[in-house]
Structures are given as structure tokens and as C-alpha cells.
Amino acid sequence: MTRPTPAAHSPDVSLVGRSQTVAELSRVLPQAGSGRACLLRGEPGVGKTAVLDSVVTHAERAGVRLLRVTGAESEVQLAFSGLHQLLLPLEPLRRHLADGHRDALDGALGATAGGVADPFVLCSATVDLLRRAAQQQPVLVVIDDVQWLDRSSTEVVAFLARRVRTLPVSVLLAARSGAACAIDQEHLDEFVLEPLSTAASMELLRTRFPDLAQHVRERVCAEAAGNVLALLELPAALTEPRATWALENRLPLTDRLQSVFAGRAEQLPQDVQWGLLLAALEPLYMRHAVGEPGLWKPAAEAGLLVSARDAVTFRHPLVRSALIEATPLSRVRQAHRHLAAFVADDADRSAWHRAGATVEPDESVAADLEAAGRRAWEKGGSAIAVAAWARAAELSEQPADRARRLTEAAYTAVQTGMVQYAEQLLAEARHAHADPAEAAGTARTAQAYLLLQCSGDLDGSLRLLHRALAESPTVISPDVNGFDETLNLLLYNCQYASRAAAWADFDAALAALPQAPSEVTQMSVDVVLRPAETAQQVRQRLLRIFAGLPEDEMPRTVVALCAPASVVGAMEPIRDRLFRLLKAERQEGVISTRLTLLLVLTHQEIQTANWPQADELAREGRDLAHGHGFQLLYWLFTCQLGKIAAHRGDSEQAVRLAVQADRWAAPRRIGLIRTVTTWIRGLAVLGDGRADDAFELMSRTSPVRPLPVRDRFVHQSLLDWIEAAVRCGRLDEARVHLAGARDIGLDRVSPYLALLVEGSAALCASEEEADARFRAALSMESADRYPFEQARLLLAYGQRLRRARRREEAAVRLQLAWEIFDRLGAQRWADTSAGELRAAGRAVSAVRRPEPGGGLTAQEILIAQLAARGLTNKQIGTQLDLSPRTVSTHLYNVFPKLGVTSRAALGDALRSAGLGGGTAL
């Protein structure tokens, strides 16, 4: 691994997260006739000096004279060494002092051979000298590492600090937390410099080391625990050719960090050093420190351990790394052997310690460590699994085992976001095997994933996957084999390609498979290749699986089910489960799983018009993808943000994002993204009312007929295509396109697509059929679940009714459309609805703005209006193509929302809510 390169001309990142502290300390600058004395405390390396430097810069800009001293441990026994540093710049002023004061200072500073004067006289002389200096310009005394100032100088500084309130002189001191400071703190304003927050730490790393891999950045951030010196020095120590250190129990430290975090450990007794090493290598051993005062008391006094109640911990996470790094390897291996026996009852911990104690290849140790890695993987510990398999590969006796374990580690590293490390492992796996065909299937699948996600090389990825399917796959985990993984990735790649040639190759590969895929993979294949024929069966099967899915089911199993569930519209039962899973994956999980969850949930929230939530998820996904170098996912999330902007009517933002994504996808021939970006631009201009431009763009995404069976996005854009065509007067083409959707049975695939087909039929309907078609579409149970499409149909229906001079009926639909658009934040569409309302004779001011979360759905309003007119449930059901039971359920929900308990009160309640009192359909 190459050393991370600091950003060129990077700003002073040492002050990230410190602006408030610097502002507060800058108030210490001396004013006319008065000053202040402050003490800044903080752990070593937390950034005290950088904060002092910033305050000094403010002082110099303000015309303040600076006198700066840095305490030195090597001079702590030299009397007045600190005072000498402090007053040396004022030597020309000393000759103007009274004889007694001048002699006192000359004696203390070694300018004369006389003895040291009376302490009070010396302190008074120092104050007198600083007063004279301050007559020329205000003075700021800055002393860093005051805990190492010699005792004699400390007494003088303390005397000065007690008198600055009457002088234009300020004193700013800095000391290590926990270190004794002899200065009287009653006269000091004390500030504690806390460690940086996680957010500030990540910002510092991103700014200073922009090319640092995300998983390395996260590990550095965790180990540094907000220590600025560690954040800046740790990346500079990353010079090892392998990256396993990023996964194991220590980080390499610079000499400076070694000194800061464990510099005094070598002065401790040997038995204490041994106990600290054992505790550093095995967290469970730390519990014994509570009962070993001979261990923790000396270590605590040396600043290595802290105790609280009945627990003992290292003062800082890097103390562990510092202790291990400072110990000879032979001694570390001896400690691992001791610890392997100590944790013999824990197979996983014992395997790790046996591996740490082993130098030569040992298949027994390698096999145990491989099993430990597999158990970690099953529990979601992907990074631990990668480290275990990589170390097991090093200890393998046979080249074939070494190659297999390296390949498994590489594949998991890809999924975990360790892109650079995965490439290293794959390269080693290729060199390790005399017959690489045995592990080539999984290796090529991992390489294909890297090519697709990290560079967008779709064609190269497709070639590797076809070769991988033709070779013997290896097992990646007990329940996931390389065969299924390869076939799934090939299926996704073909969807990204959106080319007939890619699908032809997929069909040929599918026909030549030596074995049947798993049930979940088969469902994913079926709903893509034959959606209309298989959707109902797959949906029923998924609903049964979801009903019996254990809460502790492995995340990757749940995520795998999302692919077919999303196609057939079976996501609702597991939506909450997916959000809980995402929350858990944010804490500690596989990056690829988290990204997939974010992508799936973003799509679902867009479709159900929960756009604020979708926007938040998409931005999180895009940032995460960018941090881990997943280019394809970065642009997929960018497309999702473009979709949200287009739905909201922010055409400028939508087009900007679409153009950016298309520019990346075009040279890589990623057809799906190109289709999506074209559609985004089309919907954006459709919302602006430019139907001709919208149709020109929409017509690029799909032929009029036949519709592609396997292009899911073309299916989802059916209503947009039809609406653009109808609005610009291409009714015949719209009807042909609709016929193409019926040809492939699109209405049988999912409730969402059924709504799109029925809504498209309403848009294409003749004047005689329009009422029945719109009522049929708006009465579908799925209409309320997809409010954006529902509102568009209400708008189109209202426009038809207004043109037919049925203004009162039109106004009801247009008002409902406006309310939905307004609630969703689809401003352009809301403006269109408001304009139609005015044309229908309804004043825009009369439009009711619904209470957040408490309004009726469009279908509930229609049912309530019919019930208010006296129609029975059966009569309402006949008009709206609903069962009487469904009507009864809707009314049961309507009554409490309107605050009524009977049908007789519905009319007044509807009129009070601005919804009429039973307007006819």
C-alpha cells in the first residue's frame, strides 16, 4: 500500500472543529489597561499548540507584542530557564529599570555573577519590565507545556497571572490534562480542549488525505478518538505493502506517536510491561487488571491506564498500538501463545492468538482461523472475516488452499468496500495457485464487481462473469455459493447494459448452467425474463417468506429478497424491517449491503412520493459510494436525486444532475443510466408544460411498440410516456404504446404497474369512455399508495371535465389534485392544478390546505361525498368498482378524520372542510 498523499495546498486542517475554542481564547488578548490569564488543558496531541498558534496569529494582527515560551522536560531542573526564554526579547528594556529590579533580573537570568534576589523583588521586577513593554504596545505571554516549566519560573509566572487584570498584559498557558500545574488556578480562566467529534475528525481526514480509502479513514478515525496529532500522523505511517493492519488489532505508529502514547511504558517494571502487553492484545485480559493493583496503579501513574469504578481501560485507543509496536516480535508471539491458553474456551479468540504466535505455515491453525472468519461473516463481521481469511492464507501449507482463502478474502473485501485491498488480494491469489481454474470463478466474479462498481467497465465485467459461469465456482460462505453470486451479478449487469446482445448472451449462459440456481436467484431471474407469467406466483411466495422471516435473519438474505420483491410490488411488508436493518448496518455492517438497502429504499420512497425521506437516503448513499470509490452506485444515487427533483418540478436541478450522470455513462455504454437520465429530463420539461419536448425525450427511452419485456425502467415510465404523447396531440401513438404494454401483460406484474396501465388507458380514452376509465383507475386500491400518479390522474380527469363544461365536477378533482401536489412539494404540478381551478371558476384562495398528516385520501373523499348524498355501500361500490366491504372500511377511516360518528353528519363535515357536501361524480 502506498503512502497516502496529503492534499496539495491544503488549508490548516489542525483547526478543524476548533473555531469556537479559538474565538473564546482570542478574547484573552490584552485591552487598554487590563488583561486576562487563561489556562488551556488537553490530552497530548489533542491540538493545544495549534490553537495557541491561531490565537497568536490573531494577536499579531491586532498589533499585540508576543512573548512565547515552551516548557521542556529536559530543562525542568534548570532554575529560571523558562523565565530566560520569556524575558530575553525584552533585554534592551532592562537597563531602564530601577537598580534593584535590574540587578534582580540580571542575577536570575545569569547576566551577572551575583546571587538570586529575594523572590518578591524578582517577581516585582518581572511585572515592572512587562509594564514598561506594554507602554509601547499590549503584551501577550504564551507558555505551552507549562507543566514542564521549571519551578522558579513557574512562581514568577503565577505572580504575574495574579496581577494582569490591572495591566495591558495577558497570560495564556497550556498544559496536559492530568499533569500537575503549580500556578494558582484561582486566578485563571480554565478551558478544556476536548477531542474532536467524529464528524470533525472525518472532515480533517478528507481534507488532509483525500485519497485515503474510506474503510482506512474510518479505522484511523476510530483509533485516533479525536486526537488531532494521531489523525495527522497515522496516515503518514501507512507504508506497509499490505493493508491487513487496517483490520487487525493495531495500527503502525510514527516515532512521535509512539512517544506520546507509550513513551513512559519502558520505565515501568517488567511484570507491568508484560501485563500491559497482554491487555493490549486481548481485551478480555483487561478485566484482570482490576484485581491486579500491581499492574494498573503504576500504569495509571504513567498515564497509560485510567480506572473508573470497577473498570480499567487504556487512556487512549492508540496506547494499545503503541505498546504492541514497542515490543519485540518474539515477545509479542510469546504473549499470543499465553493468551491462546487464556481464552482456550473461546474458539475464535484462541484461533486468532494461535495465528499470532505462528510464524511458519500451519494448516491446523489456518483451518481454525478460516472457520473463525466464517463465523464472523455470518454474524455480520465482514472486516474481521477478511482479516481472518487473509491471515489464514498466509498460514496455508498448500498453494490451492492459499489461493482459495485469498479469493474469499478478496470477494468479501469488495463487498465491504475495501477496494484497494481487494485488488491486492486478487493479485496474490493469481500468483498463489498452480491451477488457477479451481478458484477462478469466484476471483473473476470479484474482479467483475470491481470493474463495474469502481470504474464502470461494464463490458469487461460482462466478459469476466461469463467466463466465471463457465468455470467451477467456489463456496464463498456456507449458504451463499459463487455460482449464485455470479449469476445474480450477470443479471444486474445485463439490466445495466439494456442491450439485446447482452440479453442474448445471458440466455445462452442460462441454458448452459450445470445446476439450478437457488430459489431466491431463480425468482430474480424469472421476474426479469418473464415478469407477467411469473409475478403473481413470485409475489405470493415472497409474502409467505416475509411472514415467516426470523428477525435475526442474515442481512444479505433479506437484501437478496428485495430484488424480486421490488419488481412484483411486494416490498411493503418488509419496509419497516429494511429501515431497522439499515440502522443496524450503519453501525457495523457490510458496505455493499448498506448501499443496496439505501438504493432499494430510495426507490421505494420515490415511488410512494415520500420525497424528503428519499432525498435523505439518496444523499447518504451517494456520499457513502463516493467515499468507497463505487462510481456506478454514486451515479445511480445521482440519478435518484435527479428523479426527486423532476417529480418536485425543480427542472433546472433535475436536468443538471441528469446531464452529469449521462456524461459519465455514455462512454461506458451503461444503457440503464442513459435511459433514466433521458427520462429525468423528459419528466422535468413535462412538469414545465412543454409536452412536445417531453415526448421527444420520452420517445428515446422506448419504442412505441413492441415494449421491451426485460426493461423494468421502461415499464415504470409508461404513464409519463403516454401523458407526454397525449398532451402533444399524438393520441394514436399513445394508444399503440398502451397496446404494447398490454401485449406484455404489464398490468399483471405489480399493483403499481397495474395503476400505470389503467391510468394510461384513461388518458387515451375517448370522450365516451373517459369517465369510466378515470373512475376505474382512481378507485384502484393501489391509487392511494402512489399519490403522485393519483394526483396526475385527478388533474387529467379534471381537465377533461372542465373542457366538457362540467365545471363543478372538475373543480372537485382539480382541488384534490392541487392538495396532493402541494402536500408532496410538487410545485410545478400544483401550479398547473391551481390554474385549472381558476379556469373552472374556483378561486384559488378557496383551495383548502390540509392539516399535516390528518387529511383524507382522494378515494376517501369521493366515497364520503357519495355517502353524504345517501348512496348505500353497495351503490358506492358499483360506481367505483369496489366491494361493499372495502367501502365500509374506507368510511370507518373517514369518520374519525372528519370528527363525525354517522353518515348523516358527513355532508356538513365535508362542507366545513371545503370538500363540498356530496358533489356528484
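Before reading on, note that the structure itself is shown above.
Rules used in this analysis
Residues numbered from 1 in each chain as written. Predicted model: local features only at pLDDT ≥ 70, side-chain atom pairs only at ≥ 80, totals over all residues. Heavy atoms only, no water. Helix = DSSP H or I, 4+ residues; strand = E, 2+ residues; numbered from the N terminus. Buried < 20%, exposed > 50% of the residue type's maximum accessible area, 1.4 Å probe, protein only. Contact = heavy atoms within 4.5 Å. Phe/Tyr/Trp six-rings, centres within 6.5 Å; stacked < 30°, edge-to-face > 60°. Lys NZ or Arg CZ within 6 Å of the ring centre and 35° of its normal. Polar contact = N/O pair within 3.5 Å; in protein donor to acceptor, adjacent residues only side chain to side chain. Salt bridge = Lys/Arg side-chain N within 4 Å of Asp/Glu carboxyl O. Axes fitted to C-alpha atoms, helices over the stretch in contact; angles between N-to-C directions. Parallel < 35°, antiparallel > 145°, perpendicular 65-115°, else oblique. Left-handed = near helix turned anticlockwise from the far one by under 90°. Nonpolar A, V, L, I, M, F, W, Y, C, P; charged D, E, K, R; others polar.

### A look at the overall build of the chain
Within the chain one finds 47 helices and nine strands. By residue count, 56% of the 921 residues in the chain fall in the buried class. Sequence-distant contacts in the chain: of pairs separated by 6 or more residues, those separated by 24 or more amount to 69%.

### Some words on unusual backbone geometry
A cis amide bond, omega 0 degrees, links Arg705 with the succeeding residue Pro706. In the Ramachandran plot, Ser498 falls in the positive-phi region, its phi being about 55 degrees despite a non-glycine side chain. Along the polypeptide, Ser498 turns up in the loop between α24 (482-497) and α25 (500-511). You can call Ser498 partly exposed: its relative accessible area is 31%.

### Section: the packing of aromatic side chains
The description of an aromatic ring pair uses the distance of the two centres, along with the angle that the planes make with each other. This model, assessed by the stated rule, comprises 14 aromatic pairs. For the pair Phe120 and Phe159, a centre-to-centre distance of 5.9 Å together with 85 degrees between the ring planes defines the contact as edge-to-face. Placement of Phe120 in helix α6 (residues 119-136) and of Phe159 in helix α7 (residues 151-161) is noted, with a sequence separation of 39 residues between them. Accessibility expressed as a relative area gives 9% for Phe159, which makes it buried. Site record: aromatic cluster; members linked through ring pairs are Trp611, Phe788, Phe821 and Trp829. Sitting over the face of the ring of Phe159, Arg163 holds its NZ or CZ atom 3.5 Å from the ring centroid. Sitting over the ring of Phe209, Arg208 keeps its end group 5.5 Å from the ring centre.

### Some words on helix α26 (residues 519-529)
With respect to burial, α26 is a largely interior element, eight of its 11 residues being buried. For α26, the complete set of buried residues consists of Thr521, Met523, Ser524, Val525, Asp526, Val527, Val528 and Leu529.

### Some words on the environment of Arg710
Mapped onto the secondary structure, Arg710 falls in the loop between α35 (691-701) and α36 (712-716). Between the C-alpha atom of Arg710 and that of Leu529, which follows or precedes it by 181 residues, the distance is 5.8 Å. Once residues within four sequence positions are removed from consideration, Arg710 is found in contact with Trp503, Asp507, Val528, Leu529 and His715. A polar side-chain atom of Arg710 sits 3.1 Å from a polar atom in the side chain of Asp507.

### So, the pattern of salt bridges
Side-chain pairs of opposite charge can arise whenever the charged atoms involved come near each other. In total, this model carries 50 salt bridges according to the counting rule given. In this structure, the salt-bridge partner of Arg349 is Asp346, at a minimum N-O distance of 3.5 Å. Its relative accessible area of 30% is what places Asp346 among the partly exposed residues. A salt bridge links Arg402 to Glu428; the nearest nitrogen and oxygen atoms lie 3.8 Å apart. Note that Arg402 is positioned in helix α20 (residues 399-416) and Glu428 in helix α21 (residues 419-432), a separation of 26 residues in sequence. Residue classification places Arg402 among the partly exposed residues on the basis of a relative accessible area of 28%. Several salt bridges converge on common partners, so that one network encompasses Glu363, Glu370, Arg374, Asp401, Arg404, Arg405 and Glu408.

### Some remarks on the environment of Pro703
With respect to the element layout, Pro703 can be found in the loop between α35 and α36. Overall, Pro703 belongs to the partly exposed group, its relative accessible area being 40%. Through-space distance from the C-alpha of Pro703 to that of Gly740 is 9.4 Å; in sequence the pair is 37 residues apart. Discounting residues that sit within four places of it in the chain, Pro703 has contacts with Pro708 and His737.

### Re the packing of helix α11 (residues 255-262) against helix α15 (residues 317-325)
Angle between the axes and distance between the axes: these two values describe a pair of packed helices. Remark: α11 packs on α15, axes separated minimally by 9 Å, with the N-to-C direction vectors making an angle of 110 degrees. On the basis of their axis angle, the class for α11 and α15 is roughly perpendicular. For the pair α11 and α15, the crossing hand works out as left-handed. Judged by residue contacts, Gln258, Phe261 and Ala262 of α11 engage Leu318, Val319, Ala322, Leu323 and Glu325 from α15. The class makeup of the residues in the contact of α11 with α15 is six nonpolar, one polar and one charged.

By themselves, these are just geometric observations and shouldn't be taken as functional.
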